[in-house]
Amino acid sequence: EPEVTQTPSHQVTQMGQEVILRCVPISNHLYFYWYRQILGQKVEFLVSFYNNEISEKSEIFDDQFSVERPDGSNFTLKIRSTKLEDSAMYFCASRGQGSYEQYFGPGTRLTVT
Amino acid sequence: QKEVEQNSGPLSVPEGAIASLNCTYSDRVSQSFFWYRQYSGKSPELIMSIYSNGDKEDGRFTAQLNKASQYVSLLIRDSQPSDSATYLCAVNVFKGGGADGLTFGKGTHLIIQP
């Protein structure tokens, strides 16, 4: 069964550094999402992406964040200058045309020290 | 501001019994409703989706939606120890063009007692 994949599974970075989190959505899906979950808290929507542009973003998704689909398979989330409070699990999700169901990848645990 | 409310639990249910999980949401224009299961340290796994009032059954799972009451529930029949997890309720408004980010509740921690 097709799955969303994410790399790396765990990323440790120092405050102020840039990080890029990578996702490969399910191959025939057209809608892509990033969510985050701070330890012990709820899953929060960051951004949705369709047709090579951002469809919607939350208040969390400020100028420090950017997303890109650099090729036909990858979808990336970049954090330009990480802060301690960016430490969280980051989940990529995707859905297909004609369905509202979003399927999540295994996540990247980001630790900012 | 869209809010999704769930009882955090833990909800403890004997093996073989029915587990009933509830969720309320604040945004009346919400159109799509989802239940995800999340094991500790893992990602959300889609269990059920429901879009119209009434019941939707899939195996041991039944989702129920009442838009007038802004209420959605999940029933798990013949509960198994492997059902022990946190169940997340999520809603969205489909605005077209992929602008349909999910709003999640905090989740209900379900424990199935052998």
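My aim in this report is to walk through the structure given alongside it, one point at a time.

What counts, and where the lines are drawn
- Residue positions are counted from 1 within each chain, in the order its sequence is given.
- For this description, chains carry letters from A and ligands carry numbers from 1, given in the order in which they are written.
- Residue-level local features of this predicted model are given only where pLDDT is at least 70; pairs of side-chain atoms are given and counted only at 80 or more, and the full residue set underlies all totals for whole chains, interfaces and linings.
- As a rule here, side-chain values come from all non-hydrogen atoms in the structure, and water together with hydrogens is ignored.
- One requirement defines pairing of two strands: DSSP has to find at least two bridges between them.
- By the criteria applied, helices consist of DSSP H or I runs no shorter than four residues and strands consist of E runs no shorter than two, each listed in order from the N terminus.
- Contacts are assigned to residue pairs that have any heavy atoms within 4.5 Å of one another.
- Here the quantity called buried area is the accessible surface, traced with a 1.4 Å probe, that two parts lose on coming together, added over both.
- Salt bridges are defined as contacts in which a side-chain nitrogen from Lys or Arg sits within 4 Å of a carboxyl oxygen from Asp or Glu.
- N or O atoms within 3.5 Å of each other form a polar contact, as long as, within protein, one can give a hydrogen and the other can take it, and as long as residues adjacent in sequence are counted only when both atoms are side-chain atoms.
- Ten residues, namely Ala, Val, Leu, Ile, Met, Phe, Trp, Tyr, Cys and Pro, are considered nonpolar, four, namely Asp, Glu, Lys and Arg, are considered charged, and the remaining ones, Gly among them, are considered polar.

Structural notes on the sheet that holds strand 6 (residues 54-58) of chain B
Residue and element names in this part refer to chain B.
Step number 1: In spatial order, the strands read 1-3-8-7-6; together these five strands make up an open sheet with antiparallel pairing. Each of the sheet's edge strands pairs with one partner strand only, and the pair in question is strand 1 (4-5) and strand 6.
Step number 2: Across two bridges, strand 1 lies against strand 3 (residues 19-25) in antiparallel orientation. The partner of V4 across the bridge, within strand 3, is Y25.

Some words on the interface of chain B and chain A
Step number 1: Across the boundary between the two partners, chain B contributes 24 residues, which contact 20 residues of chain A.
Step number 2: Summing both sides of the interface, chain B and chain A together bury roughly 1800 Å²; the carbon and sulfur share of this comes to 54%.
Step number 3: For the pair chain B and chain A, the interface holds one salt bridge.
Step number 4: With a shortest N-O distance of 2.8 Å, D100 of chain B and R95 of chain A are connected by a salt bridge.
Step number 5: Seen at the junction of chain B and chain A, the total is 10 residue pairs in polar contact (both at pLDDT 80 or more).
Step number 6: Of all the secondary structure elements, the ones that give two or more residues to the side of chain B that touches chain A are strand 4 (32-38), strand 5 (45-50) and strand 9 (85-92) of chain B.
Step number 7: The leading source of residues in the side of chain B that touches chain A is strand 4 of chain B, at four residues.
Step number 8: Grouping the amino acids of the side of chain B that touches chain A by side-chain chemistry returns 10 nonpolar, nine polar and five charged.

Some details on the side chain of T103 of chain B
Step number 1: Within the secondary structure, T103 of chain B is located in strand 10 (residues 103-104).
Step number 2: Among residues more than four places away in sequence, those in contact with T103 of chain B are K2, V4, C89, A90 and V91 of chain B.

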